[in-house]
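# Coordinate analysis (summary)
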Amino acid sequence: MSLPSGHTHRLPSVEKGREPDVTEQGTHTDKPYTPAEDFFWGVATSGYQAEGGYNGPGEPLNNWAWAETQGDVVPSGRTSDFWTLANEDFQRCRDMGLNAFRMSIEWARVQPTTVLGPKAGLDPAAALPPFDERALYSYAQRIADCRAHGMEPIITLHHFVSPAWLGIDGWLKPETVDHFLAFVKYTLEYLNRTLPHDFGCAPPRWFITINEPNLQAFNHYLYRIFPSGHAIGLEPTVQCLGNLLEAHIRSYRLIHEIYAGTGIKPMVSFNNYASDLYWGDNALVDLVFLPSRGVPLQSVRDDLMKRAHAFDAKFNAAKLFPLHGPRYFIGQWMKHFGHVMAKRAFSSPAWDRLLNVLYQRPNEVPLDYIAFDYYDPFIAHALRWPSFADFEMRKRSFRDWVLESVASKWWDWHMLPEGLSFFVKHLGEYGLPLLIAENGMALRRLPDNRPFQRRDNLTRSRYLREHVRVVSRLVERGQPLIGYLHWSLFDNYEWGSFAPRFGLFSLDYTVYPVRHAVDATGDNASATYTHEIRESRAQIAAAARRAGKKIGEPMDHLPSGPSSAILAGESNISAPDSVKKI
């Protein structure tokens, strides 16, 4: 029977008397955690959502600037003010015992424009804005500070937003791929020079090129959750997605070229939003494996269709929905509809350029690891009964009002830790290391900071306990997991709104964004995460000792692959650096 939280069975809850110590003495450590194992325990952030200082007068402008200035969305303002408070936030992470921090380098800040032009973007013949090395130096300082606090920086190079000079629909233009590659090249070459010379610090090694390309394309051109000047439809969705995937493949090759001869092995991936809708997620992972599997170019469509039906059968066999109610059958219909739409999508000329780029190197898999974001991945949960209390006062078309009334909100997402287990086991079959690049749950706060109770009364601490313990068990049992990153360290701007709150630290936006360890419900999620990580490390180490293995050494049945050296004892963490104070 399904529980009120939406998941189908309970994991053991915290034993009485073993609750986490939420005092300062119980959560503070004097030294940064020095990892004895490969596993990343960390948090994830993004620049536009957390840094502040975009789309205002004299500030860098991105493709959300038109929506912000026209009042279509709530202005981002200073959001969490991470640009100013990064060092303090790294200290919080150090106190929690984290050893990884995901952050983005924002293209709009590195190659900025501060004058809002036409939505179509710059004239193709116009000169592009220059790169801002002051911004790059500030990013270098943050990377060095991150390392100084004992954490491995995991760098996202594109997290949903792009410079406004590309226009509101920049990713519909093939030339945007070339512009992005120029940004990647300039940025990484600058960091590779500056970090060792000015900071005595190794350059970043771990990269996510494109954040959630599946959601970016869908949210702009199918759901219209993100701003766009183009009509919704399948063709622009496929066009956007194809350009984003091409940008990943070519960036993957470029990053490896930049690092060749440096003695540093870069680890490069993109991360999808995990979904049981095959064409919305897993198809993109399968796609990049096809050349190395020997699938002929002319057979791509047929091969993916076979894999789609095999994935559906595998998911149904997992029986994650024990009660076949209306939502289940709606989900099955949406999957069938997805198969129909996919057949049309593969006839689009937008895929031709992508496939030609992919098949230029038939023996290459343009992934060093597989990153994925796990929230509520089930398409059956996409719709709900209308709730007009969820509306925010901003401009909306009639279509948007109807869609928002029946579409699930962030704070409607279910807790399904057994689904995380399914996706880890499924993706583990590809033979690459796996990184959970995002996982978290939302509470809701009104603009005046009043909290809303979730319908399932779920707390972030309980959510963390159940997911971290699933992660620990999967690692113990030999799944190739290399890290878990919680979204997010603090509350931040969630794509046009401050209502969804995902932070381990709570913010009150009616005053300066001070971080609060205890949220409005009385929950101290950061202390819980600290406790669970400590327990998990001990548990995984004990399991490794029982198996007679060194920590970080895989079990014998672990799959091997192009990056199996990481699982075989090559640490995820870069060598310690002596970081200069500046």
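Residues numbered from 1 in each chain as written. Predicted model: local features only at pLDDT ≥ 70, side-chain atom pairs only at ≥ 80, totals over all residues. Heavy atoms only, no water.

Right, let's get into unusual backbone geometry. Backbone torsion omega between Trp 487 and Ser 488 reads 0°, so that peptide bond is classified as cis. With respect to the secondary-structure elements, Ser 488 resides in the loop between strand 10 (481–487) and strand 11 (500–501). With a phi close to 55°, Trp 495 is a non-glycine residue in the positive phi region. Residue position: Trp 495 is located in the loop between strand 10 and strand 11. (Helix = DSSP H or I, 4+ residues; strand = E, 2+ residues; numbered from the N terminus.)

In this section: the packing of helix 10 (residues 282–289) against helix 11 (residues 300–318). Closest axis-to-axis distance for the helix 10/helix 11 pair is 10 Å, and the angle between their directions is 135°. Taken together, the axes of helix 10 and helix 11 lie oblique to each other. Helix 11 is crossed by helix 10, and the crossing has right-handed handedness. On the side of helix 10, the interface is formed by Asn 282, Ala 283, Asp 286 and Leu 287, while helix 11 contributes Val 300, Leu 304, Arg 307 and Phe 311. (Axes fitted to C-alpha atoms, helices over the stretch in contact; angles between N-to-C directions. Parallel < 35°, antiparallel > 145°, perpendicular 65-115°, else oblique. Left-handed = near helix turned anticlockwise from the far one by under 90°. Contact = heavy atoms within 4.5 Å.)

Okay, the confidence of the model for the protein next. Scored by pLDDT, the protein has a mean of 86; 84% of the residues are at 70 or more. When the criterion is pLDDT under 50, residues 1–37 qualifies, and its contacts beyond four places in sequence or with other chains add up to 72 contacts. Considering only residues more than four positions removed or in separate chains, one finds that residues 554–569, a stretch of pLDDT under 50, has 45 contacts. (pLDDT = per-residue confidence, 0-100.)

Further remarks concern the pattern of salt bridges. Scanning all chains against the criterion turns up 24 salt bridges. The salt bridge involving Glu 364 is made with Arg 253; its shortest N-O contact spans 2.9 Å. Of this pair, Glu 364 sits in the loop between helix 13 (350–358) and strand 6 (370–374) while Arg 253 sits in helix 9 (residues 234–259), and the two are 111 residues apart along the sequence. There is no split in this pair, since Glu 364 and Arg 253 are both buried. (Salt bridge = Lys/Arg side-chain N within 4 Å of Asp/Glu carboxyl O. Buried < 20%, exposed > 50% of the residue type's maximum accessible area, 1.4 Å probe, protein only.)

Before going further, it helps to examine the nonpolar core. Formed by 155 residues in total, the largest nonpolar core has its most connected members in Phe 101, Leu 287 and Tyr 529. A per-element tally of this core places helix 9 first, with 12 residues. When near neighbours in sequence (up to four residues on either side) are disregarded, Tyr 529 contacts Trp 41, Gly 42, Val 43, Met 96, Leu 98, Leu 464, Val 468, Tyr 484, His 486 and Leu 504. (Core = buried A, V, L, I, M, F, W, Y, C linked by side-chain atoms within 4.5 Å.)

With respect to topology, three strands assemble into an open sheet ordered 9-8-11, the strand pairing being antiparallel. At either margin of the open sheet sits one strand with a lone partner, and together these are strand 9 (451–452) and strand 11. In terms of strand pairing, strand 8 (residues 443–445) meets strand 9 through two bridges, oriented antiparallel. Bridge pairing in strand 9 links Arg 445 to Pro 451. (Pairing = 2+ DSSP bridges.)

Before going further, it helps to examine a nonpolar patch on the surface. Residues Leu 222, Tyr 223 and Ile 225 make up a contiguous nonpolar surface patch of roughly 240 Å² in combined accessible area. Structurally, Ile 225 is set in the loop between helix 8 (213–221) and helix 9. Exposure remark for Ile 225: the relative accessible area of 45% places this residue in the partly exposed category. (Patch = residues over 30% accessible without salt bridge, like charges linked within 9 Å, V, L, I, M, F, W, Y side chains within 5 Å. Areas by Shrake-Rupley, 256 points an atom, 1.4 Å probe, with all protein chains shown as cover.)

Quick look at the sheet that holds strand 5 (residues 267–273) now. Taken in spatial order, the eight strands line up as 1-2-3-4-5-6-7-10 and close into a barrel, and their pairing is parallel. Each neighbouring strand pair of the sheet contributes to a mean axis angle of 25°, computed without reference to strand direction. Direction of pairing for strand 4 (residues 206–211) relative to strand 5: parallel, over a ladder of four bridges. Note that in strand 5 the partner of Trp 206 across the bridge is Met 267. Seen against the sheet, helix 17 (residues 525–546) touches strand 1 (40–44) and strand 10 and runs at an angle of roughly 155° to strand 1.

Bringing the side chain of Thr 45 into the picture now. Along the chain, Thr 45 falls in the loop between strand 1 and helix 2 (47–50). Judged by its relative accessible area of 1%, Thr 45 is buried. Within the structure, Thr 45 has its side chain in polar contact with the backbone oxygen of Arg 102 (distance 2.9 Å). Beyond its immediate chain neighbours, meaning those up to four positions away, Thr 45 contacts Phe 101, Arg 102, Met 103, Ser 104, His 159, Trp 487, Ser 488 and Phe 490. (Polar contact = N/O pair within 3.5 Å; in protein donor to acceptor, adjacent residues only side chain to side chain.)

Take the packing of aromatic side chains next. If you walk through the whole model with that rule in mind, you get 45 aromatic pairs. A ring pair is formed by Tyr 278 and Trp 279, whose centres lie 5.1 Å apart and whose planes are at 85°; its orientation type is edge-to-face. An angle of 55° between the planes, with centres 6.2 Å apart, marks the rings of Trp 413 and Phe 502 as tilted. Remark: Phe 502 occurs in the loop between strand 11 and strand 12 (506–507) and Trp 413 occurs in the loop between helix 14 (398–406) and helix 15 (417–427); sequence separation between them is 89 residues. Comparing Trp 413 with Phe 502 shows no difference in burial state: the two are buried. For Arg 142, the ring lying beneath its charged end belongs to Trp 83, and the centroid distance is 3.8 Å. (Phe/Tyr/Trp six-rings, centres within 6.5 Å; stacked < 30°, edge-to-face > 60°. Lys NZ or Arg CZ within 6 Å of the ring centre and 35° of its normal.)

Moving on: helix 17. Its 22 residues give helix 17 an end-to-end C-alpha distance of 31 Å, which sits within 8% of 32 Å, the value for a rise of 1.5 Å per residue. Just downstream of helix 17, Gly 548 is the residue with a positive phi angle, here 70°. (Expected span 1.5 Å × (residues − 1).)

Counted residue by residue, strand 1 has five buried out of five residues, so it is predominantly covered. When strand 1 meets strand 10, the two strands line up parallel, connected through five bridges. Note that in strand 10 the partner of Ala 44 across the bridge is Trp 487. Pairing geometry for strand 1 and strand 2 (residues 100–104), over three bridges, is parallel. Among the inter-strand pairings, Val 43 is bridged to a residue of strand 2, identified as Phe 101.

Note that an α-helix has 3.6 residues per turn; residues three or four places apart therefore point the same way. The end-to-end C-alpha separation of helix 16 (residues 460–476) is 24 Å, in line with the 24 Å expected for 17 residues at 1.5 Å each. For helix 16, the tally of buried residues reaches 14 of 17 residues, placing the bulk of the element in the interior. Remark: Gly 478 follows helix 16 within two positions and exhibits a positive phi of approximately 95°.

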